Structures are given as structure tokens and as C-alpha cells.
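# Topology and contacts: notes
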Amino acid sequence: MSPVRILGTGSSAPERILTNFDFEKIVDTSDEWIRTRTGIVERRIADPDIATSDMAYEASLRALEAASVNSIDVDGVILGTVTPDYFFPSTACLLQSRLGAKKAFAFDLSAGCSGFVYGLQLGKAMIESGEARIILVVGAETMTRIMDFKDRATCVLFGDGAGAALIGKSDMSGILSLCLGANGDDWELLHMPAGGSRIPPSEETVRNRLHYIKMKGNDIFKEAVKAMESASIEAIRKADITTEEIDLFIPHQANLRIMEAVRKRLDIPPKKVFINVDRYGNTSSASVPIALDEAVRSGRVERGDLILFSVFGAGFTWASGIIRW
Ligand code: COA
């Protein structure tokens, strides 16, 4: 098996910022409520002419540049998203074309917020097996398009953005472990009811606001903490390291209180946790790769550092992993 590592990362987010104070004018909420319940201060919102593939493209260009890899050398594009440009063709195909990655296969992956990390696992396995040498893994979302701006319980939580990582064959192993899980029993706690084959779009579905995120936040909170904790313990064990050795913990940036609960359960010191939920909100599958890219570019991560990341999302799906940078 060939060792696999991350060769370069990139991220992108729209310039336009929506603050908690902006939301005070839209729904019955307050900056104080959002801040204390979630840790979010502001999030990015895409202009009407920007879609998921546009942000994915920017993030991917940066990842290619960071890795010094030419797009023609990419063997595959795997893109995690719940907000594709179109139902079909896949956003990955649009990205593949725009990047000029002519040799690459391309497909989207639906695993909620865990899409990027699921993609990492697939890409890693393909490289290890010798089926591919370099794969572009992307998490990209335009969550503001499926947010119900009349539902204060959900609309304040999400934001737009994209993160990308190029992974490839290497002399030393960089991705030490990945542990994925899913449980579809409680799928209704976080879903978008209409638009698919179960409830096709109609005037009625639009009138009843069924093309937006529906979520039972309280129940998800508890499930997220449990799953992120157990997957992280498993990832640490599988990588054959100790928790004390971890240099940086990148939790899914959904809610500061969830991150804090997981951190405490894992007994990781606060200074080792990377947080940017205050600036982006929950960007779903883009959350972990944006955070990773910011951690790398801001110097929070140095060569050889051990990074734990953990994510939880709709499905439910979850995943944790250990990287040696
Ligand atoms: N502003 C003001 N009040 C709000 C509000 C808002 N934006 N959203 C909800 N409320 C109200 C509720 O209506 C409720 O009022 P009530 O007691 O009069 O009925 C009250 O606040 C408490 O609601 P509750 O849902 O119990 O709050 P909470 O402390 O659980 O926090 C979340 C809500 C959504 C922030 C929290 O549950 C959460 O983050 N869950 C995880 C969600 C998540 O991460 N999802 C994505 C997973 S990838």
C-alpha cells in the first residue's frame, strides 16, 4: 500500500458578510442569543450569481497552487456537497471541466457535513490501491440557498464556502487514520423534505417552504457530541498515538458548545482547538477543509504536527481522522 498525504489545501468564501445584527432585522432573534447558543458572530453569503462550483473552483485553484500540482495531473475529483449547482450533472463534473482536469474522473458525494472527510477516505483508498495517484477532494456549499429566512431556529446557523485538499502518493504516511460512521434511523432530524423523488417539487411544496432545511437542533446536539467523541477515540487508537500527542484538534464548526463538549470529553486543552465558527457559521462539508486550510496558512500547523479532525452531519453521518502534517 502506498502512503498517502495531503499535498496542499485551499479555501474560498464569498466576500459578503451577514452578521447576527443583520439577522435581528430579518427574524425574531438577537446577537446575544446566537452568540451564546452557537458561538457564531457572522457568516458569509454568496451573491445570487455565485453557486457551489464557483467557490469550489477558487478553493481548488488554491489547493493546486499550494501543492504545486497541475490540474492535468489530477486523476480524480470527489466533491462533497448537499447544495450542488444542479441535481445533475454533478458539481464535481463542472469543477473538473473548469479546472481543465481532463484526465480526472469526477463525482459528487452526499454525506451531509461529513462529505469532505468521506471523500478523503475514498480518495485515500484509491491511491493506496494504485488506482489513482493524485485526487482532489472538495467540500463546497451554498447553504444560504436552502436556509429558511423565516425560521430563526435554523437560518442563523449556516453559511457559504468551500475547502479543498489535494491528496497523493508520498514517501511518508500523512493520513494516519480515518473512521467513518452512519446511522440513518434519525434522518428526519435534519433534512430537506422536497425536491427529490419522494416529494417532487410543486407549487404546494414551495408554498409550504419544503425546499429548506428542517432541523431538530436539540436532539442533534447530543448525537453529535457522542458520535464525534467515539469516532475520535477510534481514530486516535487506529493511528496508534495518544491524545496528548495531538497538536491541533479541528472539530466540525457547527456550534461552539458542541466543540467544547467534545473537547472536554477527549480531554484536549482549549489552546489546541481550532475555531472559526464565529466567522463562518456552519458551512457543512466545507467546514473541516476551510478550517484546515486556515490553520495551515496561518501557521497554526507545522510539518510533523498531528491533527485530529472530527465531523458530524445529516444522515446521520460522522467521521474522525488523524493527519500527520
Ligand atoms: N433566536 C432566538 N431564540 C431562538 C432562536 C433564535 N435564533 N432559535 C431558537 N430560539 C428559541 C426557541 O424557539 C426556544 O424557545 P422556547 O423555549 O420558547 O420554545 C429556545 O430558543 C430554546 O431552543 P432550543 O432549540 O432548546 O435551543 P438550544 O439551546 O438547543 O440551541 C441550537 C439551539 C440549534 C443552537 C442547538 O440545539 C444546536 O446548535 N444544535 C445542533 C445543530 C447543528 O449543529 N446542526 C447541524 C449538524 S451538522
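Residues numbered from 1 in each chain as written. Predicted model: local features only at pLDDT ≥ 70, side-chain atom pairs only at ≥ 80, totals over all residues. Heavy atoms only, no water.

### Things to note about the side chain of Asn-255
Selection rule: Strands here mean DSSP runs of E at least two residues long; helices mean DSSP runs of H or I at least four residues long; both are numbered from the N terminus. Accessible area is worked out with a 1.4 Å probe on protein chains only. A residue is then buried under 20% of its type maximum, exposed over 50%, and partly exposed in between. Pairing of N or O atoms within 3.5 Å defines a polar contact, subject to two protein rules: one partner must be a possible hydrogen donor and the other a possible acceptor, and residues neighboring in sequence count only if both atoms are side-chain atoms. Contacts: residue pairs with any heavy atoms within 4.5 Å of one another.
Positionally, Asn-255 belongs in the loop between strand S11 (248–251) and helix H9 (256–266). Its relative accessible area of 8% is what places Asn-255 among the buried residues. A polar atom in the side chain of Asn-255 sits 3.1 Å from the backbone oxygen of Arg-37. Within the structure, the side chain of Asn-255 is placed 2.6 Å from the backbone nitrogen of Arg-257, a separation counted as a polar contact. Those residues within four positions of Asn-255 in sequence are excluded, and the remaining contacts are Arg-37, Thr-38, Phe-221 and Val-277.

### Here's the deal with the pattern of salt bridges
Here the idea is simple: oppositely charged side chains can pair when their charged atoms come close. Formally: Here, a salt bridge means any Lys or Arg side-chain nitrogen found within 4 Å of an Asp or Glu carboxyl oxygen.
A full pass over the atoms with the stated rule returns 15 salt bridges. Ionic pairing is found between Lys-124 and Glu-128, a salt bridge with its closest N-O pair at 3.0 Å. On the criterion of helical spacing, the pair formed by Lys-124 and Glu-128 is a turn pair, its members being four residues apart in helix H5 (residues 115–128). Note on accessibility: Lys-124 and Glu-128 belong to one class, buried. For the salt bridge of Arg-297 with Asp-293, the shortest nitrogen-to-oxygen distance reads 2.8 Å.

### With respect to the site of the ligand
Condition: For this purpose, a residue is taken to be near a molecule or strand whenever a single non-hydrogen atom of the residue falls within 4 Å of it. Residue burial considers only the protein chains on display, and all accessible areas are found by Shrake-Rupley using a 1.4 Å probe. We place a 1 Å grid over just the protein atoms. Points where a 1.4 Å probe fits but has no way out form a cavity, open points with protein on both sides within 12 Å along at least 5 of 7 lines form a pocket, and any residue with an atom within 4 Å of a point lines it. Being in a pocket or cavity means that more than half of the molecule's atoms lie within 2 Å of its grid points. Gly counts as polar in this scheme, as do all residues outside two lists: the nonpolar Ala, Val, Leu, Ile, Met, Phe, Trp, Tyr, Cys and Pro, and the charged Asp, Glu, Lys and Arg.
Around the ligand sit 23 residues in total, of which Thr-29, Arg-152, Gly-217, Asn-218 and Asn-255 are the nearest. In this structure, Asn-218 approaches the ligand through a side-chain N or O atom, which is 2.7 Å from an oxygen atom. Contact with the protein chains removes 72% of the 960 Å² of surface that the ligand exposes when unbound. When atom positions are compared with the pocket grids, the ligand is found to occupy the second largest pocket. Among the elements of the structure, helix H2 (31–38), helix H6 (152–155), helix H8 (217–238), H9 and strand S12 (306–313) are those that each provide at least two residues to the shell around the ligand. Ranked by the residues each element gives to the shell around the ligand, the list is headed by H8, at four residues. Of the residues assigned to the shell around the ligand, the class counts are 11 nonpolar, eight polar and four charged.

### Let's talk about the nonpolar core
Basically, it comes down to this: Here, nonpolar core refers to any group of buried Ala, Val, Leu, Ile, Met, Phe, Trp, Tyr and Cys residues whose side-chain atoms link them within 4.5 Å. A domain assignment, automatic or from a database, supplies the domain bounds used here.
With 43 residues, the main nonpolar core has Phe-23, Leu-308, Phe-312 and Ile-322 as its most contacted residues. Those elements giving two or more residues to this core turn out to be H8, H9, S12 and strand S13 (317–324). Looking at which element gives the most residues to this core, the answer is H8, with nine residues. Residue assignment places this core across two domains, with domain 1 (4–172) and domain 2 (176–324) each supplying three or more. The contact partners of Leu-308, leaving out residues within four places of it in the chain, are Ser-232, Ile-236, Ile-246, Leu-248, Phe-249, Ile-250, Leu-266, Ile-268, Gly-321 and Ile-322. Counting residues in hydrophobic clusters, the runner-up holds 32 residues, among them Val-4, Ala-111, Leu-248 and Ile-307.

### Observations concerning helix H11 (residues 287–297)
Most of H11 is tucked away: nine of the 11 residues are buried. Downstream of H11 by a residue or two, Gly-299 has a phi angle that is positive, lying close to 85°.

### Description of unusual backbone geometry
Cis geometry is found at the peptide bond from Phe-88 to Pro-89, where omega equals 0°. Along the polypeptide, Pro-89 turns up in the loop between strand S4 (76–80) and helix H4 (91–99). With an omega dihedral of -10°, the bond running from Gly-315 to Phe-316 counts as a cis peptide bond. Secondary-structure assignment places Phe-316 in the loop between S12 and S13.

### Quick word on the sheet that holds S4
To keep it simple, the criterion reads: A pair of strands counts as paired when DSSP detects no fewer than two bridges linking them. Between N-to-C directions, angles span 0 to 180 degrees; the directions come from axes that are lines fitted to C-alpha atoms, helices contributing only their stretch in contact.
Across the sheet, which stays open at both edges, the five strands sit in the order S1-S7-S6-S4-S5 with mixed pairing between neighbours. Looking along the sheet, the strands with just one partner apiece sit at the ends: strand S1 (4–12) and strand S5 (105–109). The average angle at which neighbouring strand axes cross in this sheet is 15°, direction not considered.

### A word on the side chain of Ser-90
With respect to the element layout, Ser-90 can be found in the loop between S4 and H4. Judged by relative accessible area, which is 16%, Ser-90 ranks as buried.

### As for the domain arrangement of the protein
To keep it simple, the criterion reads: Throughout, buried area stands for the accessible area (probe radius 1.4 Å) lost by two parts on being put together, summed over both.
Under the domain assignment used here, the protein contains domain 1 (4–172) and domain 2 (176–324). Between the C-alpha centres of domain 1 and domain 2 there is a distance of 14 Å. Counting residues at the interface gives 53 residues for domain 1 and 45 residues for domain 2. Between domain 1 and domain 2 the total buried area reaches about 3,800 Å² when both faces are included, carbon and sulfur atoms providing 62% of it. The three residues of domain 1 that bury the most area against domain 2 are Cys-113, Val-117 and Tyr-118, which together make up 17% of that side's buried surface. Asp-148 is the partner of Arg-209 in a salt bridge, and the nearest nitrogen-oxygen pair spans 2.9 Å. At the boundary of domain 1 and domain 2, one finds 22 residue pairs in polar contact (both at pLDDT 80 or more). Every element with two or more residues in the side of domain 1 that touches domain 2 is listed here: S1, H2, strand S3 (42–44), helix H3 (52–67), H5, strand S6 (134–142), H6 and strand S7 (160–169). Per-element tally for the side of domain 1 that touches domain 2: the top contributor is H5, with seven residues. Residues that form the side of domain 1 that touches domain 2 fall into these classes: 22 nonpolar, 18 polar and 13 charged.

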